[in-house]
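# Descriptive structure summary
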Amino acid sequence: MVTVILIHGAFADSESWNGIIKPLRDDGHRVIAYANPLRGIAADAAPLVDLIRTLDGPILLVGHSYGGAVLTAVDPAAGDIIGAVYVAGFALQSGESPATASALVPGSTLAETLVEVPLSSGGTDLYIQQDKYWHQFCADLSEDQAATMSVTQRPVTAGGLNDALSGDALWQSVPSYFIFGELDRNIPAGAHQAMAGRAGANKTVQVPGASHVVGISHPTKVVDLVREAIASVG
């Protein structure tokens, strides 16, 4: 049995993994959907590391979008981490932020869709405008599903998207796998290819016509890649 920890990204929540959870549980694996705070890379990775330290046995980390950045900040010595699966996720290198990684190639249109909410405690929360959410975030889902997701989206801090990874990247220590959509408007496919290339990915899958939420629109493809990552380490 492997423990698969799913780490959701910005403008989404743990329900974004609903199509992934049952197949992996049916395989006999323990699955945990980590409630990502979306406050900042180091701050969000710290409780994830605390969780990992309580777990016995092999652990596979699976991160979507900004969740990939959080995954990348995990200390490889926290547990028996056997691999990292990036689902349209940020595989940052040291000193790089999600904002700079998404600009590795031109094409991201996320910035022009964001709404800023100043926080009384300092900093700024970011949301995607509801009327732009479908086209920007999940164009390969139905309009009704996108509308519900736009209402339930969780904000990320502006600081989180501009936080640079401090220290070594997890993918330097464990095998990595990448899957992303051809038509990702948050993180262009070329940026995903660049991150996968420098990480020396064991496998890279580009899904034709898929949006940023490839884990929702093509869950079987993501499950297949997770299964391959598990099988590769026996």
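Preceding this paragraph is the structure being described.
A brief structural summary.

What counts and how
- Residues numbered from 1 in each chain as written.
- Predicted model: local features only at pLDDT ≥ 70, side-chain atom pairs only at ≥ 80, totals over all residues.
- Heavy atoms only, no water.
- Helix = DSSP H or I, 4+ residues; strand = E, 2+ residues; numbered from the N terminus.
- Buried < 20%, exposed > 50% of the residue type's maximum accessible area, 1.4 Å probe, protein only.
- Contact = heavy atoms within 4.5 Å.
- Lys, Arg positive; Asp, Glu negative; His and termini not counted.
- Charge placed at Lys NZ, Arg CZ, Asp CG, Glu CD.
- Axes fitted to C-alpha atoms, helices over the stretch in contact; angles between N-to-C directions.
- Parallel < 35°, antiparallel > 145°, perpendicular 65-115°, else oblique.
- Left-handed = near helix turned anticlockwise from the far one by under 90°.
- Salt bridge = Lys/Arg side-chain N within 4 Å of Asp/Glu carboxyl O.
- Expected span 1.5 Å × (residues − 1).
- Arc of directions from axis to C-beta.
- Phe/Tyr/Trp six-rings, centres within 6.5 Å; stacked < 30°, edge-to-face > 60°.
- Core = buried A, V, L, I, M, F, W, Y, C linked by side-chain atoms within 4.5 Å.

Further remarks concern the overall build of the chain. Of regular secondary structure, the chain possesses 10 helices and nine strands. Taken over 234 residues, the chain has a buried fraction of 50%. Of the contacts made within the chain by residues no fewer than 6 positions apart, 72% connect residues no fewer than 24 positions apart. For the chain, the centre of its 12 positive side-chain charges and the centre of its 23 negative side-chain charges are spaced 4 Å apart.

On to the packing of helix H1 (residues 18-26) against helix H10 (residues 219-231). Interhelical geometry of H1 versus H10 gives an angle of 45 degrees and a closest axis separation of 9 Å. With respect to each other, H1 and H10 are oriented oblique. Taken as a pair, H1 and H10 cross one another with a handedness that is right-handed. Residues Gly 19, Ile 20, Pro 23 and Leu 24 of H1 pack against Pro 219, Val 222, Val 223, Val 226 and Arg 227 of H10.

Here we take up the pattern of salt bridges. Within this structure, the stated rule accounts for seven salt bridges. For Asp 27, the salt bridge goes to Arg 227, with nearest N and O atoms at 2.7 Å. Placement of the pair is Asp 27 in the loop between H1 and strand E2 (30-34) and Arg 227 in helix H10, with a sequence separation of 200 residues. Accessibility expressed as a relative area gives 37% for Asp 27, which makes it partly exposed.

A few words now on helix H2 (residues 41-53). For H2, built from 13 residues, the straight-helix expectation of 18 Å at 1.5 Å per residue is met to within 8% by its first-to-last C-alpha distance of 18 Å. Every buried residue of H2 is listed here: Ile 41, Asp 44, Ala 45, Leu 48, Val 49 and Ile 52. The buried residues of H2 all sit within an arc of 135 degrees when viewed along its axis, so they share a single face. The exposed residues of H2 that point more than 90 degrees off its buried face are Ala 43 and Arg 53.

Here the structure, examined in full by the defined rule, presents three aromatic pairs. The interplanar angle of 90 degrees and the centroid separation of 6.3 Å between the aromatic rings of Phe 11 and Phe 137 together place this pair among those described as edge-to-face. Here Phe 11 is found in the loop between strand E1 (3-7) and H1, whereas its partner Phe 137 is found in helix H5 (residues 130-137), with 126 residues between them in sequence. Judged by centre distance (4.9 Å) and plane angle (45 degrees), the ring pair of Tyr 133 and Phe 137 falls under tilted. You can see Tyr 133 and its partner Phe 137 sitting in helix H5, four residues apart, about one turn around the helix. Residue class for Tyr 133 comes out buried when judged on its relative accessible area of 0%. An aromatic cluster is present here, built from Phe 11, Tyr 133 and Phe 137 joined pairwise through their rings.

Looking now at the environment of Asp 140. Checked against the element boundaries, Asp 140 lands in the loop between H5 and helix H6 (143-152). The exposure class assigned to Asp 140 is partly exposed, which follows from its relative accessible area of 27%. When the C-alpha atoms of Asp 140 and Leu 48 are compared, they prove to be 30 Å apart, with 92 residues separating the residues in sequence. When sequence neighbours within four positions are dropped, the list of residues in contact with Asp 140 reads Gly 209, Ala 210, Ser 211, Val 213, Ser 217 and His 218.

Counting residues in each nonpolar core, the largest one holds 51 residues, and the members touching the most others are Ile 5, Phe 11, Ile 52, Leu 61 and Phe 137. Among the elements that take part in this core, H2 stands out by supplying five residues, more than any other. In contact with Ile 52, other than residues within four places in its own chain, are Ile 5, Ile 59, Leu 61, Val 74, Ala 78, Gly 79 and Ile 81. Val 31, Leu 60, Val 207 and Leu 225 belong to the second-largest nonpolar core, a separate cluster that totals 26 residues.

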